[in-house]
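Structural characterization, general
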Amino acid sequence: MLEALLSLLLISACLGCLAQCLTGFIQGYNTLLQKRELKAQMRLALSHMLYDLEKSNFLIITKKKECDKITFIKHTPSGTILEKATYEQDSQNVAMPRIYKEQQPITPGYSSCPIGIRFYCRPLSTSPNNQTYLLRLEGRTPALKNPLIIATAVRLNGFLENNGNE
């Protein structure tokens, strides 16, 4: 009787340890999946922005509340606008913002996990003829303690105009 009780206690302790290890593995795997999804969405948003930036020769940065709004413009030397692309953030959802291009989302609200991506654009120089600026994307998921950041310095063919606050 005593051996059966000790065996049952030992088996339940082993099963408890196994369940704890399995729970830790599942949480780690979920964090890994969320981080991969976040990286993929950030790369997608950055590729959209860099594609439009590559074609443009003029940039307007405006700030609306806490969010940046970037307008890439390609124009002829005479000033005729050929192409225009505007990127802005969802100012309604500050915790998990989305990025929009021409009012169409390029980052999902919720895919397999809640994702929030915020972008910033700042000139690297205070010179009025500055053509180089920093484009920074900051992504968050509930599983990550710190935000994931992708930043790149880019250069325009034209010039940069910073309109400040809207």
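Before reading further, recall that the structure is shown in the block above.
Keep in mind the model is a prediction, meaning the values are calculated, not measured.

Rules used in this analysis
Residues numbered from 1 in each chain as written. Predicted model: local features only at pLDDT ≥ 70, side-chain atom pairs only at ≥ 80, totals over all residues. Heavy atoms only, no water. Helix = DSSP H or I, 4+ residues; strand = E, 2+ residues; numbered from the N terminus. Buried < 20%, exposed > 50% of the residue type's maximum accessible area, 1.4 Å probe, protein only. Contact = heavy atoms within 4.5 Å. Areas by Shrake-Rupley, 256 points an atom, 1.4 Å probe, with all protein chains shown as cover. Pairing = 2+ DSSP bridges. Phe/Tyr/Trp six-rings, centres within 6.5 Å; stacked < 30°, edge-to-face > 60°. Patch = residues over 30% accessible without salt bridge, like charges linked within 9 Å, V, L, I, M, F, W, Y side chains within 5 Å. Salt bridge = Lys/Arg side-chain N within 4 Å of Asp/Glu carboxyl O.

This paragraph deals with the overall build of the chain. Helix and strand content of the chain: one helix and nine strands. When burial is assessed residue by residue, the chain has 33% of its 166 residues classed as buried. Of the contacts formed within the chain by residues at least 6 apart in sequence, a portion of 47% connects residues at least 24 apart. Element-wise, carbon and sulfur atoms account for 58% of the exposed surface of the chain, whose accessible area totals about 10,500 Å².

As a further point, take the pairing of strand β7 (residues 132-140). The side chains of a regular strand alternate between the sheet's two faces. Pairing between strand β6 (residues 116-123) and β7: eight bridges, direction antiparallel. Paired with R118 across the two strands is E138, which belongs to β7. Note that β7 and strand β8 (residues 148-155) share eight bridges and pair antiparallel. Counterpart to E138 in the pairing with β8 is I149.

Next up on the list: the packing of aromatic side chains. The final tally for this structure, using the stated rule, is two aromatic pairs. Between F72 and Y87 the ring centres are 5.8 Å apart and the planes differ by 70°, which places this aromatic pair in the edge-to-face class. Note that F72 is positioned in strand β2 (residues 67-75) and Y87 in strand β3 (residues 81-89), a separation of 15 residues in sequence. The exposure class assigned to F72 is buried, which follows from its relative accessible area of 2%.

A contiguous nonpolar patch, built from L22, F25, I26, Y29, L32 and L33 and spanning about 610 Å² of accessible area, is present on the exposed surface. For L32, a relative accessible area of 39% corresponds to the partly exposed category.

Now for unusual backbone geometry. The backbone of E102 sits at a positive phi, close to 50°, despite the residue not being glycine. If you trace the backbone, E102 turns up in the loop between β4 (99-101) and β5 (104-105). By relative accessible area, E102 is classed as partly exposed at 37%. In this structure, Q103 takes a positive phi of about 65° despite not being glycine. As for its placement among the helices and strands, Q103 is situated in the loop between β4 and β5. In this structure Q103 comes out as exposed when scored by relative accessible area, which is 58%.

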